[in-house]
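Report on the structure
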Amino acid sequence: MTSRRAFIQSLGLTGGAVAAASVSPVAMAALPELIMKEDPNTAPPHLPRGVTGAGRPYNPVVTLNGWTLPWRMNKGVKEFHLVAEPVVREIAPGMNAHLWGYNGQSPGPTIEVVEGDRVRIFVTNRLPEHTTIHWHGQRLPSGMDGVGGLNQPQIPPGKTFVYEFVARRPGTFMYHPHADEMTQMAMGMMGFWVTHPKERHPLIDEVDRDFCFLLNAYDIDPGSYTPKVNTMLDFNLWTFNSRAFPGIDSLNVRQNDRVRIRVGNLTMTNHPIHLHGHEFMVTGTDGGPTPKGSRWPEVTTDIAVGQMRQVEFIANEAGDWAFHCHKSHHTMNAMGHDVPTMIGVDHREAAKQITDLIPDYMVMGERGMADMGEMEMPLPDNTLPMMTGQGPYGAVEMGGMFTVLKVRAEQKAGDYADPGWYKQPPGTRAYEWTGPAAEPPRAKTQGGQSMPATGKPAATEVQVRKPGPHSGH
Ligand SMILES: [Cu+2]
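What counts and how
Residues numbered from 1 in each chain as written. Predicted model: local features only at pLDDT ≥ 70, side-chain atom pairs only at ≥ 80, totals over all residues. Heavy atoms only, no water. Pairing = 2+ DSSP bridges. Helix = DSSP H or I, 4+ residues; strand = E, 2+ residues; numbered from the N terminus. Axes fitted to C-alpha atoms, helices over the stretch in contact; angles between N-to-C directions. Buried < 20%, exposed > 50% of the residue type's maximum accessible area, 1.4 Å probe, protein only.

1. Quick word on the sheet that holds strand β15 (residues 271-275)
- With respect to topology, five strands assemble into an open sheet ordered β13-β24-β21-β15-β19, the strand pairing being mixed. At either margin of the open sheet sits one strand with a lone partner, and together these are β13 (251-254) and β19 (300-303). Here the average twist between neighbouring strands, direction ignored, is 20°.
- Here four bridges tie β13 to strand β24 (residues 402-408), and the two strands are oriented parallel to one another. The residue bridging R254 from the neighbouring strand is R408, located in β24.

Set out below in C-alpha cells:
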C-alpha cells in the first residue's frame, strides 16, 4: 500500500511501516521496520480524522515538536518498534544537546492506540548500558510493567525485548525507563502514550485539537552538550518536549475550537502551567477522565512530578496568548540563575575602571534584568540566552517552558500551520499615557497602613539611583 508509505514519508519520517496486506509471512515474523524522525518540527496528526490506518479510527493527537509512531497490524495486534539510542536534539536554534531517546528523538514518539487494542512493542537497546520501559499508568500484567529486576531482567545493550498487553483504559499515559532511572531520564528518555476511547465516552468529549507534550528538564553547562545526570534540583534548561522557548512551536487553533492539551511531568519538580485569555477545566488526570461534577474553571493547574493533566477549553478569544509554567525561573534558559542582585547598585565608577582593562565589559542588572532580553551579549558556543524571543512589539524576555496559543478566526479546520502574529483590531492595544504625570501619594505620607506609626518616622535615607535613560549599549 504505497499510499500509506507516501503518507509516512510526507510526515518527514524515514523508514516506513507497510500495511499488513503487502507484507509476506516471513516479513511478519521479523521485527517491524524502524521508523525514525530526526528534526524537531511538530508533525501533523498521524492519521486524518476518521482514517483507520489498519486499526480502529480515532481522533489523533498532535505532539508538540514531536510525532506519533506508525505501527503495523499483525494478526490483530498493533506492533510498534522503539529503539533506545543516543540522539542529538536541538533544544532551540543555536543549541544542540547530546541526549538519549527513542527513534531519533528525545522525547520518543507518541504511541496512540484505541481502548481494547492488543499492543506489542519491540524495544531494541542501542544504549551503552541496559534499559527497560515502564508503561506509566497502564493496567497490564505485572511482568509487562517494566521495572528492571522486579518485573523482568534488564534489556542488555544490543538486545530486543517484547512487551505485549491490552490497552485497557482510555486516557493519557507516559513511558520511560525503569533502569538506571536517574541517568536515563536526565538524558531525555521518555515518551507520551494516548489511549483513545473505543466509543463515545460520557466523560471524554470530542475535541477539534488535541495537543500533548512532556515537561522535562536538563542541566547542561553553557558551551557543553551532555546533561549533568547527577543534578537533583538545580536544572538550567526547562523544556516542553526537550525544546526551550523560542524553540517551542506555537499551538495554532481555529477560533471556537474545543481544544485539549495533555501534559505529563517527568522533571524533578512541580510546574504550575498557566494559560492566558481563557479558563480551562481539568478533564483528566493519571487516573483517567475526571467526573464532571469534580471540574471547575482554572487558569493555572499545578502538575506534580510523575503526574499527567489534561485540560480543555473553547478557544473563543482571538489573539496570541502566552502559555507557560508560572515558576519564573522556568521561563528562563541557562545563564544567569545565580547572578547576584544588582538593582540600585551604582557601578559607574567601578565599570569605568574595569572597561579601561576589559573594553567589552558590561554591567548587568542595575536597572533590573530586562536589558538582558535585548542586549547582544556574547554567549559561549551551544547555549541559549536566559531571556530571549522577539515578538511583534519587541523582546519577549522569556525562555524555557513558554510558548504561545494562537487563536485565529481564519485558521482552517485541521490546519496546524503557524498563522504569524495576531493583527490586533485598532484601539485594542495598551497605549502610552501622554498627559501630566501624577505625584505618587506615598511621596508625602507614610503609606497606607491600617494604623498610624508610633513616634516619628525614621530619618534613614536610602540611597537609590533612579533609573536613567539607556546609555546606548
Ligand atoms: Cu515549571
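2. A closer look at the sheet that holds strand β10 (residues 191-196)
- A sheet is described by the order of its strands in space; here four strands give the open sequence β5-β10-β9-β7, paired in mixed fashion. The two strands at the open ends of the sheet, each matched to only one other strand, are β5 (111-114) and β7 (134-136). Going from strand to strand, the sheet's axes swing by 25° on average, the running direction of each strand aside.
- Where β7 lies against strand β9 (residues 171-176), three bridges are found, and the strand directions are antiparallel. By the bridge assignment for β9, H134 is matched with H176.

3. Some points on unusual backbone geometry
- The amide bond that connects S106 to the next residue, P107, takes the cis arrangement and shows omega of -5°.
- Here the amide bond leading from F245 into P246 is cis, since omega sits at 10°, within 30 degrees of zero.
- Mapped onto the fold, P246 is located in the loop between β12 (237-240) and β13.
- At N65, a residue that is not glycine, the phi angle is positive and equals roughly 50°.
- Here N65 is to be found in the loop between β1 (62-63) and β2 (72-74).
- A relative accessible area of 1% means that N65 is categorised as buried.
- Even without being a glycine, K75 presents a positive backbone phi close to 50°.
- Tracing the backbone through its elements, the reader meets K75 in the loop between β2 and β3 (77-92).

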